[in-house]
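# Architecture and fold: a report
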Amino acid sequence: MKSTKTPVGSTDLWHARRVFGPKARASGRTSQVLASAALSADHFDPKASKAALSALVSLAQRHGEVRALDVEVVARKLAADAAESLRAMYAAVTELKQHGALSRPKQVETVTMAEIDRLERGALPPTLVKRLRRTAGLDLFRIGADPIRDETLRSELTTYLRRQRVPEKVLLEAEVPPDLTLREAAQRQSAASLAILLDPQAAPSLKVNLLGRLGRTAGPEVFPSLVKFGGEPGEVGRAARLAIGQIEKAQRMTIVLASMEVKPYSGTGGLSNVIPEMARAMAQAGHRVVVLSPRHQVIDPAQLTHTDRIGSVPGPKGNEGFGLKQDLRDGVEYWFLESDTYFSKDRRGIYGDPGDYADNAARYDFFSASIPEALRLILGDERPDVVHLNDAHTAAGAVYLRQEPKFADTATVLQVHNLGGAYQGRFGSDQLQNMRFKDQGLYYPTGPAEFYGDVNLLKLGLTTADAATTVSRRYKQEILTEEKGEGLHGVLRGLDARGKLYGSLNGIDHQVWSSERDPLITHHFSFADRSGKAACKTELLRRFALPEIPGAALVGVVARLTEQKGFDDIVKTIDGSMQAGKNVQFVISGDGDPQIRQQVEALIQRYPDRVAIAPRFTVETEHQIYAGSDLFLMPSRFEPCGLPQMYSLRYLTMPIVRAVGGLDESIQDWDPATGKGNGFKFKDDLNEAFDRALAWYQSDEATKEPLLRNAALSDFSWEGAAVPELLTLYRKVQADRTG
């Protein structure tokens, strides 16, 4: 049994046949297991019910599972009454599954809240209850009982499992499941903990331990169970009541995101896109979110609200002041730190104009040092639960926050968006005199701020923040190697060994990036109705002055013109495709290296009907390339997260990516034999992946549809996975900090 958001499978439908059978309806058992009134609708006469269930079974046989997307596609082809019956039947089966009415505990390897619901209602026979508790205890032993950090819990679980007659060999061989996210681990721990708490034979000390863990990791779905335990006398009742309070508090945290740039106010790249989307999703989840960023010259002060809040921070040159301006957008509080000296006066750029500013070391240090004082002015007596720092520009903020008693219980998380040498905040040792931590014993050989004789702000943040996280789990693994660690692999390995390094894939805004509602594209479309996709392709060819060539695949590229983005491979692929006579066209948008642009323009001269590049990068062109292209090429040499491959899927444009970083994590290689995958992926041979993608495009519609379906079902929304994962990380780091 999987979580309630997972698709309906063929096994679920097999069991649903019995629930919806005539005998079940006659006896009234159906109404007992369904909270919904769907079955009482007129659409559920025996004939319509049977036909709808048969349609669901056919979908399951075709795809191996059924999702709302599949139901809607089929429903559009049916008459109104039949379509409504199909939708209602799917909703009813989904609700049955949600309440655990279709699960088979003999076959589960993990416990979910559906089984807990049945366990609490006494709906499981004794033999299955025993099986469930063994499964829960073993799963919790594997993922929640670290031999070092959770020695007490591990010992108590060992005793519990021995009483459940789990062989010693099984305990000795128990390993943490691979590729388990923090959120998935927390959900599994919550359900497993409740299964053991509901065992009257479990030791009180084990129950107290488990209740404490629930308070630090569980969500509101455990409230009904905890309320029952809260009424018990003694330590168990006290622990349950404390856990309830902790969970309630965790539903409204005060979160601060500190970033050097944030759109739509300022921005040069992915960081400025990520921050507002992340902040908005967190605010929509019920948290108070404060974004703190400099008020750069590019930000019109007239767009912001003036405040009389003025602060200062001591520095090498004495106290230096700053002001604060405010804006409220999408439920997020945006605060902008004003300083003519460091951010606005005669500075048209954010990091340089056009090269780096000579005083960037002092600028980053000033912004970082201002964070504690700015938060006092913004929050008053309230303290933030978490301060989320971003890259080297704010990394030293972890040092300054730790120095303030007010923020003793505030957790600090440093997110590394790119570990590249140019992004580490590395400066000559002479710059130490311009930094406020120069006399705090942080700079010495192999010390927190020292890096081969230089000052390294990112290293300082990594070694002083409560935790660090990268923008994908795969990138986290890569930077632990000497090859990709950019000189910091030793520091990062140390963090990882202490459980302080994490990886969490960024998300995208599904409202902004949507083929069904995007205002920047000429025609809207969806998986159910793809006619607008062809119209977008026609318009894109017209925009790039390319002819419509029958059967030609249109390949889009949106990237900075740099070696990192794999433009040497892109140029070779274009030239090789033309020489091989492949029926393909290319449209490119991006700014960057003039030499790379010259190489692309040389290809345009040779193949004017096949290759085109936008005169300059615009957001409108970017959206239209995603919508109008058939394939999307992204052979980056390294990619910490990558967002374009996620964008392309939202427009049913199949990505071709190199298996690195976030590209490897977000794209699963298409396998026609299994029907799994949402794109084309390669390690070394781009040509092989490119040819597979072309062959897929040139196949018939029935062959193409399964991959298009998988693309449409790919969910990289912030609220879907990225923000829940970050919120879980915040709670874990907070719990580790406060004990």
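The shown structure was predicted, so the numbers you read here are calculated from the model rather than taken from an experiment.

The next thing to look at is the sheet that holds strand 4 (residues 288-294). Taken in spatial order, the nine strands make up an open sheet running 5-6-7-4-3-8-9-13-14, and their pairing is mixed. The open sheet has two edge strands with one neighbour each: strand 5 (305-313) and strand 14 (501-503). Neighbour-to-neighbour, the strand axes of this sheet turn through a mean angle of 25°, independent of strand direction. Inspection of the sheet shows strand 3 (residues 254-258) paired to strand 4 by five bridges, in the parallel sense. Each residue of the ladder has a partner; that of A258, found in strand 4, is L292. Against the sheet, helix 31 (residues 718-738) touches strand 3, strand 8 (386-390), strand 9 (411-416), strand 13 (467-470) and strand 14, its axis set at about 135° to strand 9.

The strands that make up a sheet are held in pairs by hydrogen bonds between backbone atoms, and each pair lies either parallel or antiparallel. On the basis of which strands lie adjacent, the open sheet formed by six strands has the order 17-16-15-18-19-20 and parallel pairing. Pairing within the sheet leaves two strands with one partner each, and these edge strands are strand 17 (611-613) and strand 20 (680-682). Along the sheet, successive strands turn relative to each other by an average axial angle of 20°, direction set aside. Relative to strand 18 (residues 631-634), strand 15 (residues 553-558) is paired through two bridges, and the arrangement is parallel. Residue pairing in the sheet places G556 in a bridge with F632 of strand 18. Sitting on the sheet, helix 26 (residues 619-628) is in contact with strand 15, strand 16 (584-589) and strand 18, with an inclination near 145° to strand 15.

So, on to the confidence of the model for the protein. Mean pLDDT over the protein stands at 91; residues scoring 70 or higher make up 94%. When the criterion is pLDDT under 50, residues 23-43 qualifies, and its contacts beyond four places in sequence or with other chains add up to 30 contacts.

Quick notes on the rules
- Residues numbered from 1 in each chain as written.
- Predicted model: local features only at pLDDT ≥ 70, side-chain atom pairs only at ≥ 80, totals over all residues.
- Heavy atoms only, no water.
- Pairing = 2+ DSSP bridges.
- Helix = DSSP H or I, 4+ residues; strand = E, 2+ residues; numbered from the N terminus.
- Axes fitted to C-alpha atoms, helices over the stretch in contact; angles between N-to-C directions.
- Contact = heavy atoms within 4.5 Å.
- pLDDT = per-residue confidence, 0-100.

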